[in-house]
Amino acid sequence: MHHDEMIGKVRTLARLPDSGTAERATRAVVCTLSERLPSGLARHVAAQLPPDLAAPMRRAADEAGADSGHAGERFGLAVFAGRIADRAGTDEDTALREAAAVLEVLDAALAPELTERMAGALPADIRELLPVERAAEEGAE
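The next thing to look at is the overall build of the protein chain. When helices and strands are counted, the protein chain shows 9 helices and 0 strands. Taking all 141 residues of the protein chain together, the buried fraction comes to 48%. Long-range contacts, defined as pairs at least 24 residues apart, comprise 65% of the intrachain contacts of the protein chain with a sequence gap of at least 6. Total accessible area on the protein chain is roughly 6,700 Å²; 50% of this is exposed by carbon and sulfur atoms.

This is the structure:
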């Protein structure tokens, strides 16, 4: 999926006023998600994103070091929402709505096995932001 298409879908799903707001929200979610995912998984996700959205994923993986087994930071939904809100310049409720939209677009943009791995790496409270079908599948395992 191309950058403009992703941003347009996020804008529509999150009911955002303009593309700039959707861009900020998308970058905030991708950056925060990159901190939470294991570094090897973040690199795989980055490989399937448009270059400018992949950059924060790659940076976080690189900062974790050469060890692709780095587990990523451990934090739950409250920290996830707070970091997104800070980065996007919004409140936490809006950040959660925007995160759900971005995760839905990522679910459609990434290879299914990669989204399954990503969902499996997230704690249950963050995983609840995933599209309903994906959250249900992961919860059953």
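So, about the nonpolar core. With 43 residues, the main nonpolar core has Leu-33, Leu-37, Val-45, Leu-49 and Met-57 as its most contacted residues. When residues of this core are traced back to their parent elements, those giving at least two are α1 (3-14), α2 (19-36), α3 (39-47), α4 (51-64), α5 (77-88), α6 (92-109) and α7 (112-121).

Bringing the environment of Arg-58 into the picture now. Relative to the assigned elements, Arg-58 resides in helix α4. On the accessibility criterion, Arg-58 (39% relative accessible area) is partly exposed. Taking the C-alpha atoms as reference points, Arg-58 and His-44, separated by 14 residues in sequence, lie 9.2 Å from one another. Those residues in contact with Arg-58 that sit more than four places away from it in its chain are Ala-46 and Ala-47.

Rules used throughout
Residues numbered from 1 in each chain as written. Predicted model: local features only at pLDDT ≥ 70, side-chain atom pairs only at ≥ 80, totals over all residues. Heavy atoms only, no water. Helix = DSSP H or I, 4+ residues; strand = E, 2+ residues; numbered from the N terminus. Buried < 20%, exposed > 50% of the residue type's maximum accessible area, 1.4 Å probe, protein only. Contact = heavy atoms within 4.5 Å. Areas by Shrake-Rupley, 256 points an atom, 1.4 Å probe, with all protein chains shown as cover. Core = buried A, V, L, I, M, F, W, Y, C linked by side-chain atoms within 4.5 Å.

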